[in-house]
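Descriptive analysis of the structure
This is what each chain is made of:
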Amino acid sequence: MDILILSGGGIGGLTLAFALATDRFDIAIDVYEAQTSFSEFGAGIALWPRVREVLFALGLKEDLNRLAPPGDTLKPVQMIRGDIPDATPWGTTPDMTAIHRAEFLKILVDRVAACSNCTAHFSKKLVSYEDSSDGPVQLAFSDGLFATCDILIGADGVKSAVRATMYSRFAEAAEAEVEATKLRNHINPVWAGQVVYRYLIPREDLEAADPTHRCLTIPMEVGLMIYENANTVLIDDIFQFQGKGMGIVTYPISGGRWINVAAIVAKHNLFGSTFSDRWSATVDRDEVAEHFNDWEKESRVLVELMKSPTRWAVNVVPNLPTYVYGRVALLGDAAHAMVPYQAVGVGQAVEDAFILATLLSQVRSNSRCIDALTVYDEMRRPFSQNIQNVSLKTGITLFMDKKGEVPLGPAFEYGELEDSAQDFGALFQWSATTSLLPDRDQALKNYHMLTQSKL
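Residue numbers run consecutively from 1 along every chain, following the written order of its sequence. Thresholds applied to this predicted model are a pLDDT of at least 70 for local features of residues and 80 or more for the giving and counting of side-chain atom pairs; totals over whole chains, interfaces and linings are not thresholded and use all residues. Remark: hydrogens and water are excluded; side-chain values derive from all non-hydrogen atoms of the structure.

When its secondary structure is counted, the protein chain shows 17 helices and 20 strands. In this scheme, a residue with accessible area under 20% of its type's maximum is buried, one over 50% is exposed, and one in between is partly exposed, where area comes from a 1.4 Å probe on protein chains only. The 455 residues of the protein chain split such that 55% are buried. Sequence separation of at least 24 residues holds for 72% of the intrachain contacts in the protein chain that already meet a minimum separation of 6. Residue-level accessible areas treat just the shown protein chains as cover; the underlying method is Shrake-Rupley with a 1.4 Å probe. Counting only carbon and sulfur atoms, one obtains 52% of the accessible surface of the protein chain, whose full area is about 19,100 Å². Secondary structure counts use DSSP, requiring at least four H or I residues in a row for a helix and at least two E residues in a row for a strand, with both numbered from the N terminus. Here, residues are in contact when the closest pair of their heavy atoms is within 4.5 Å.

Following this line, the structure appears as structure tokens:
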């Protein structure tokens, strides 16, 4: 059996390749990447207890603990309302640790490279695929070459070419034009009404600009999120100032050598529209500064040090009716790209990969491929789409949008900050109080029940 993964250079696709290659040595796994190499770039990513458990189950505990020792990085998150006298704690979230995306990706790249049954192919940009019932899945690439496989996994990101082809095929097969139009609406992602300006500040640059900056004096698990209108929130050693529509998030990565900075500008009433400019572009720091030039000193220092920030338009893929069509499946951002307010985009991609690898490892004949993908969709789609909604509600709550329940659209108005610590904290508890391992066991059970029913 040959499984082809369109990776998009992402963590989800490489996690799947590594997990499956180490479990089934008789399966050939080909990872096709549109870039010239696996891109080891990016800023910090968050790992909550639930996803750490999955990564440990995959045998990555030693690697992760080397990058982020639990004693230094795993800490409870405590919030404090700072807009009232004698502020008291206001809600908590589970333990969280942050690591550099490039360092984590390198772990996966090295693991995949060590698997003799896994081959990487670069500069392979998918144009389209064909999935017929009487032959292998056929793929056409922009360089004019072709490939075939028994199963195709689209882990190729928010702009997924696999998703575009899949939903074009769905639309072509629809009996009514109304249904075809609905299906075509899932081909492209939609803008979340949010842009994020990202930059990694060398620690020495911040020390030179402001030796007393809190990002330098607070211990290792340091971060500063500053929102307009000065409602302060303290997360263990992490400060937040909440407000309406803008924010700055900072925390250290790579042993404190870099300060990860993300400046956020959000207009949730534009959720579902189309971003007209380039989705990713290097911009002048003045573009960032114009949003934050009347903020307090520490915020302005951070913005001033963002010498050549990258502007990312946050695009999402909400509410797909299925992640699977025939012998083709979507994974990670290709299936459910979401807003970052729960910091679980990477975690959900890892969960997809874990469940899918578990199921594919059970497949002993090509006739059972579709059964494995069917169970994957049944197990992962409802859960990941619920987390999409939880993440959006969390962001709207953080930006004071009436408890996260304001309908999105042209009549959108900001409301008041959620004042229930219990309600806000509950939005995060799933990542510490639930486990994916029972879902893995249920997926195996469902797969064997499905295959037995067809005997």
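Moving on to the state of the cysteines. Disulfides are defined as pairs of cysteine sulfur atoms found within 2.5 Å of each other. Scanning the entire structure with this criterion turns up zero disulfides. Free cysteine: C149, not disulfide-bonded; nearest cysteine sulfur from C369 at 9.6 Å. Assessed through its relative accessible area of 0%, C369 is described here as buried.

In spatial order, the strands read 6-2-1-10-20-19; together these six strands make up an open sheet with mixed pairing. Each of the sheet's edge strands pairs with one partner strand only, and the pair in question is strand 6 (118–121) and strand 19 (324–325). Strand pairing requires that DSSP identify at least two bridges connecting the strands.

This paragraph deals with the packing of helix 2 (residues 49–57) against helix 13 (residues 345–360). Helix-helix packing is described using two parameters, namely the angle between the two axes and the distance between the axes. Angles here are taken between N-to-C directions and fall from 0 to 180 degrees, while the axes themselves are lines fitted to C-alpha atoms, restricted in helices to the stretch in contact. Relative orientation of the contacting elements helix 2 and helix 13 amounts to 40 degrees, with a least axis distance of 10 Å. By the criterion of interaxial angle, the relationship of helix 2 to helix 13 is oblique. Considering the relative orientation of helix 2 and helix 13, their crossing is left-handed. Judged by residue contacts, R50, V51, V54, L55 and A57 of helix 2 engage G347, V350, E351 and F354 from helix 13. For classification purposes, an angle smaller than 35 degrees is called roughly parallel, one larger than 145 roughly antiparallel, one from 65 to 115 roughly perpendicular, and anything else oblique. A clockwise turn of the near helix away from the far one marks a right-handed crossing, whereas an anticlockwise turn of less than a right angle marks a left-handed crossing.

Relative to the assigned elements, T322 resides in the loop between strand 18 (310–316) and strand 19. A polar side-chain atom of T322 sits 3.1 Å from the main-chain carbonyl oxygen of V324. A distance of 3.5 Å separates a polar atom in the side chain of T322 from a polar atom in the side chain of D377. Excluding anything up to four places from it in sequence, T322 contacts Y167, F170, D377 and R381. Think of a polar contact as two N or O atoms within 3.5 Å of one another; within protein, one of them needs to be a possible hydrogen donor and the other a possible acceptor, and neighboring residues in sequence only count if both atoms come from side chains.

On to the pattern of salt bridges. A side-chain nitrogen of Lys or Arg and a carboxyl oxygen of Asp or Glu constitute a salt bridge if their distance falls within 4 Å. One pass over the structure, following the stated rule, counts 22 salt bridges. For D143, the salt bridge is made with K124, and the minimal N-O distance between the two is 2.7 Å. With D143 in the loop between strand 8 (137–141) and strand 9 (146–149) and K124 in the loop between strand 6 and strand 7 (126–130), this pair connects stretches of sequence that are 19 residues apart. The partly exposed category is assigned to D143, whose relative accessible area is 40%. The class for K124 is buried, based on a relative accessible area of 13%. For K454, the salt bridge identified is with D371, shortest N-O distance 2.5 Å.

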